[in-house]
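Descriptive analysis of the structure
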Amino acid sequence: MAIVYGGDYNPEQWPRETWAEDMRLMREAGVNRVSVGIFSWAQLEPEEGRYEFAWFDEVLDLLAANGIEACLATPTASPPPWFAATYPEAGMVDDEGRQLTHGSRQGFDPSSDVYLVKALAITEQLARRYADHPALALWHVHNEYGCHNARSYSGAATAKFRVWLRERYGDLDGLNDAWGTAFWSQAYSSWDQVYAPLPTPTIPNPGQVLDWKRYSSNRLVRNYLAEAEVIRKYSDKPLTTNFMTGSHADIDLWEFSEVVDVVSTDHYLVGEDPHVNLAFAADYARSLGAGKPWILMEHSTSAVNWQGRNRAKAPREMLRNSLAHFARGADAVMFFQWRASKQGAEKWHSGMVPHAGTDSKIWREVCELGARLGDLAELEGSRVSADTAILWDFPNRWAQEHEARPTTDLDPQAVFNDYYAALWRAGITTDVAEPEGDLTGYKLVVVPALYLLSHKGAANLRRYVEGGGTVLVTPYSGIADETDTVYLGGYPGAIRDVLGVRTEEFYPLVDATVALASGGTGTLWSEAAESTGAEVRDTYADGTPAWLVNRFGEGTAHYLTTFPDAATLDRIVAAAAGDAGVAPVAEAPTGVEVVRRAHEDGRSWLICVNHTEADAKVKSADAVVEVPAGEVVVHREHA
Ligand code: GLA
C-alpha cells in the first residue's frame, strides 16, 4: 500500500554515470514509480526494423534493483526522422492543407495506415520483451493523444472519414439529412464528393465540421485500441494513456475513458484562477473513472516552458498543487519530468531535479512531498463522493466552435469555468458528468451553455428533474440536437417544458450589460423569455425574466436568461444548492479547499488546502481544523 510518486524519466537524455545518481536520488525523494520510454522511439529503433534494447534493458533492470516501478510507455507519440524520410505521406496535414515537416513531435497523421503499422511494430517489440519484467507495473500507451495532431486533414483522413460517415448514416440520404445539405446546394450524390473540411470561401457546413471533429476524436481512440490489442497479447498489466482534462477538448474523453483500465491525466497551471482549473481537472479525471482512484501522470514542480511568461511556483505552491490533486482522488502524484533537460525544446521546463541540482527549493520540496505521501499511504483507494454534478459534453463544445452563431463572445468553456468556479467558491465537491449519463445519484446538476443537447440527453435531464432532481441551467442550453439541428417552437426547445419558459428571440449584449432588478448585472447575453409557469425570481429593468424557477414533476429547475456577475451567481448557486439540499463538507474561508476522502469501512479524512496568506480554521460537524497559511492539513475524522 503506497501512494505512487514519481515522474517521466528520460535517461536517454543523460550519460550513463547520471543513471546511478538518478537511482540514488529517486530513493532519497521517495520515488516509487517512473514513466519510461515515452520519447525513446529513435533510440529503440534507430533504423527501420533495427532495434536496440540493451540500453533500455539496463534502465529497467536498474529500476527493478532499486525497487522503483516502471510505467512503460509505447514511444509512438514521436516517430523518428527515418519514419518521416521514408513515409513523407504519413506526415500531419494542418487545417489549411499544409503538410508539416519533421523536427518536433507528434509529426504524424493519425489516419495514416503506415504510421499505425510502424507504431504497432515497436509496440509489439516492447510488449514481447518486457511483459514479464519485474519493474513493469503499468503500460503508458502513447503520450497525450492528439496534443498537437488531433486533426490531420490528409487524403488518408478523408478516405477514413467517408467510411466512418457510412457507418454512422448508412447511406447518403442519411448524411444529407443530418448535415442539412438542402441549404446552399450542398446535397451529396456520391461519397467521393465528401472531404475533410479544408478551407472554404465562407462559412462551412456546421454538420460536416462537427462530424469531422467526432471522426478525428474516434480515430485517436481507435489508434489506442490498436496498440492496446497488441500489448494484451503479451501482458495482463493495466493500460492507461495520459489525458489532458484541464486543457484540451479535441478528444471525447467520455468515449476514451471507457477503454482505459485506469484514468490518468496531466495538469499544468493555466488561467487566472489556476487552482480552480486544477480542481476541475482533478474532479474531471475522477469522474471519467466513475469515482475510482486515478493517476496524476504529469504536473510541474515549477515553471513550464510554453506559456509566454512562465511563472516559477512560489515556495510550497507545488506541495499545495500535488496534494490538491490527491485530495480529489489521485492515488498517484507524478511530474513531467524527473530531471530538467539541458537541451531541446523543453529545457526551460522545470523538473524534480532542477538545473540548479539538489541544493534547491524544488529538490527540498520534492523530498518533502515524497515523505508526506509516504505518510498518507492509508488513504490509498479511498474515494471522494459528490452529490453535485456539472455537465460537460464534447460535441456541444465542438458545435459552439463554429463561427456562425448568435454571438462569438459566448465561449462555452468560459461559461463552464464560471459555473465550476462558483461551485468551488461555495465549497461544493462536484463531479463532471455527461448529459446522457446516469444522473440519479446527484442532488444538483448544473447545465452550463449546453447548446447541443441530444434527444437522449434531453430525455435524461427531463427524467432527472421529474424524479426529484434540481437543475441550474444557463442560457444557450438545449437549443440544437446531436446533428446541430435547432429544436423548433421557441427556445430552449429541448427542455422548455422542464424549465417552464419560452424564448422567442435572443438578444446578445453588444458592449453592454443588463441591470437586474435584484441589483446585480447580466453580461454577454439577454433573451426575450416568457414564463409558461415558472416563478420569476429576478428580472431586467423592463420586467423581462432573468431568473426563473420551475417545479417540474418532483424536481426543481432554475433557468437564467443572462450570465450574472460573480456575486449574483454565488447567490443563485446558493439558492439552487439550498433547494437541492447540497452543502459543503466543512465550513472554510474563501481560498481554502476542503475535500473528504473516505474508505468504505468508514475511515475518512478532510484534506484542507489553504491557498491564502492567512491562517485558517476549517469547521466540520465535529472538529475545528487549524490550517496555517499556504499549508495543507490532512485531518483524520474517524477515531
Ligand atoms: C505534456 C507532455 C510532456 C511535456 C509537458 C510539458 O504534458 O506530455 O511530454 O511536454 O507537456 O508541460
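Notes on the structure follow. Note that the structure is predicted; figures quoted are calculated from it, not measured. (Residues numbered from 1 in each chain as written. Predicted model: local features only at pLDDT ≥ 70, side-chain atom pairs only at ≥ 80, totals over all residues. Heavy atoms only, no water.)

Considerations on the packing of aromatic side chains
- Considering all chains together, one arrives at 38 aromatic pairs under this definition.
- Note on Trp 392 and Phe 394: the rings are 5.9 Å apart at their centroids and 85° apart in plane angle, and the pair reads as edge-to-face.
- The exposure class of Phe 394 is buried, given its relative accessible area of 1%.
- By way of ring pairs, the aromatic residues Trp 254, Phe 280, Tyr 284, Trp 392, Phe 394, Trp 398, Phe 416 and Tyr 420 are connected into one cluster.
- Over the ring of Tyr 195 we find Arg 162, and its NZ or CZ is 5.0 Å from the ring centre.
- The ring of Phe 326 has Arg 597 sitting right over it, with the charged end atom 4.7 Å from the ring centre. (Phe/Tyr/Trp six-rings, centres within 6.5 Å; stacked < 30°, edge-to-face > 60°. Buried < 20%, exposed > 50% of the residue type's maximum accessible area, 1.4 Å probe, protein only. Lys NZ or Arg CZ within 6 Å of the ring centre and 35° of its normal.)

Digging into the nonpolar core
- In this structure, Val 36 and Leu 63 are the most contacted members of the largest nonpolar core, which totals 130 residues.
- Setting aside its immediate chain neighbours within four residues, Val 36 contacts Tyr 9, Phe 56, Val 59, Leu 60, Leu 63, Ala 70, Cys 71, Leu 72 and Ala 73.
- If you look at the next biggest cluster of nonpolar residues, it comprises 27 residues, including Ala 433, Leu 461, Val 471 and Val 473. (Core = buried A, V, L, I, M, F, W, Y, C linked by side-chain atoms within 4.5 Å. Contact = heavy atoms within 4.5 Å.)

Quick look at the site of the ligand
- Around the ligand, the structure places Phe 39, Arg 105, Asn 143, Glu 144, Asp 266, Tyr 268, Glu 298, Trp 306, Phe 336, Glu 346 and His 349.
- Between the ligand and the protein, one listed contact pairs an oxygen atom with a side-chain N or O atom of Asn 143 at 2.8 Å.
- At 2.4 Å, a side-chain N or O of Glu 298 approaches an oxygen atom of the ligand.
- Relative to its free-state accessible area of 310 Å², the ligand is covered by the protein chains to the extent of 97%.
- When its residues are assigned to classes, the shell around the ligand shows 4 nonpolar, 2 polar and 5 charged. (Near = heavy atom within 4 Å. Polar contact = N/O pair within 3.5 Å; in protein donor to acceptor, adjacent residues only side chain to side chain. Areas by Shrake-Rupley, 256 points an atom, 1.4 Å probe, with all protein chains shown as cover. Nonpolar A, V, L, I, M, F, W, Y, C, P; charged D, E, K, R; others polar.)

Here we look at the side chain of Ser 526
- Take Ser 526: it is sitting in the loop between strand S16 (521–523) and strand S17 (527–531).
- Engagement of the side chain of Ser 526 in a polar contact is seen with the backbone oxygen of Tyr 507, the distance being 2.7 Å.
- Other than its neighbours up to four places away in sequence, Ser 526 contacts Phe 506, Tyr 507, Pro 508, Leu 509, Tyr 540 and Thr 561. (Helix = DSSP H or I, 4+ residues; strand = E, 2+ residues; numbered from the N terminus.)

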